[in-house]
Amino acid sequence: MIESNTVFILGAGASKPFGYPIGLELRKIICDNLGDPNLRGFKNNKLRFKLLEELGFDSSKILTFREEFRVSTMNSIDAFLEHRPEFIKIGKIAIADALIPYEKEEARLFDVENNWYAYIFNRIKTNFNSFINNKIAFITFNYDRSLEYYLYRALSSAYGKEPADVLKV
């Protein structure tokens, strides 16, 4: 249990050990995902474009976003969106779309050597009813939810508690 007020500030690389993309990797995934489905090499994007169109984006807006981001040479999507607020909505959707494939149970969250999530969990564990008394907070600049999911699953498995009980703490 952590009894002193403690704040963890998580930057972009916090989830990298678990296989999540950061910076330039995420940039490449987004650009690949939004490549023109009418061009060779991007045919698998037809469904993605259809879904984006159903969300109110026409294909020209999608392609403009992708091309502006690609040509900007910004190292990360957040750096790009900081200067191009007109693309924030589609940018957020592109980020979520890029990260969803990494949110799988078989992801490396529980199997990584030197797992810093496990290290933190083992410092905050106590009996289940006292768990909420840990004096910790997390500020994260990550787009993924790996830490939240890790803590949820670790608590559930370590204490044999139902999801509703785990969510309370």
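Up top you'll find the structure we're talking about.
These numbers come from a predicted model, not from an experiment. Residue indices begin from 1 for each chain and proceed along its sequence in written order. Where totals are concerned, whole chains, interfaces and linings use all residues; where local detail is concerned, this predicted model gives features only for residues with pLDDT of at least 70, and gives and counts side-chain atom pairs only at 80 or more. Each side-chain value is worked out from all heavy atoms of the structure, with water and hydrogens disregarded.

*Asks:* Outline the packing of helix α1 (residues 23-33) against helix α5 (residues 88-99), listing residues and values.
*Replies:* When two helices pack together, you describe them by how their axes are tilted relative to each other and by the distance separating the axes. Contact geometry for α1 and α5: axes closest at 9 Å, N-to-C directions at 100°. What the angle tells us is that α1 and α5 run roughly perpendicular. Facing α1, whose interface residues are Leu26, Ile29, Ile30 and Asn33, α5 presents Ala94, Ile95, Asp97, Ala98 and Leu99. Throughout, the ten residues Ala, Val, Leu, Ile, Met, Phe, Trp, Tyr, Cys and Pro are labelled nonpolar, Asp, Glu, Lys and Arg are labelled charged, and all others, Gly among them, are labelled polar. Looking at the contact of α1 with α5 residue by residue, the classes come out as 7 nonpolar, 1 polar and 1 charged. For every element, the axis is a line fit to its C-alpha atoms; helices are fit only across the contacting stretch, and the angle between N-to-C directions ranges from 0 to 180 degrees. Helical segments are the DSSP runs of H or I of at least four residues, strand segments are the runs of E of at least two, and each set is numbered from the N terminus. We call two directions roughly parallel when the angle between them is under 35 degrees, roughly antiparallel when it is over 145, roughly perpendicular when it lies between 65 and 115, and oblique otherwise. A contact between two residues is defined here by any heavy atoms of the two lying within 4.5 Å.

*Asks:* Explain the nonpolar core to me, and be specific about the residues and the numbers.
*Replies:* The nonpolar side chains of soluble globular proteins are, as a tendency, buried together. Throughout this description, the term nonpolar core refers to a set of buried Ala, Val, Leu, Ile, Met, Phe, Trp, Tyr and Cys residues connected via side-chain atoms within 4.5 Å. Throughout, exposure labels follow a simple rule: accessible area from a 1.4 Å probe, protein chains only, divided by the maximum for the residue type, with under 20% read as buried, over 50% as exposed, and the rest as partly exposed. The biggest cluster of nonpolar side chains holds 41 residues, and the ones touching the most others in it are Ile30, Phe65, Ile77 and Tyr150. Mapped by element, the contributors of at least two residues to this core are β1 (6-10), α1, α2 (46-54), α3 (59-72), α4 (77-83), α5, α6 (116-124) and α7 (146-159). Here Ile30 is in contact with Phe65, Phe69, Ile77, Ala94, Ile95 and Ala98, once residues within four sequence places are set aside.

*Asks:* Which residues make up the side chain of Ser156, and what values go with them?
*Replies:* Relative to the elements of secondary structure, Ser156 occurs in helix α7. Ser156 has contacts with Lys161 and Val166, leaving out every residue within four places of it along the chain.

*Asks:* Describe unusual backbone geometry, and please don't skip the residues or the numbers.
*Replies:* Despite not being glycine, Thr73 shows a phi value in the positive range, around 60°. When you line up the elements, Thr73 lands in the loop between α3 and α4. Assessed through its relative accessible area of 59%, Thr73 is described here as exposed. With a phi close to 55°, Asn114 is a non-glycine residue in the positive phi region. Examined against the element boundaries, Asn114 turns out to sit in the loop between α5 and α6. The exposed category is assigned to Asn114, whose relative accessible area is 73%.

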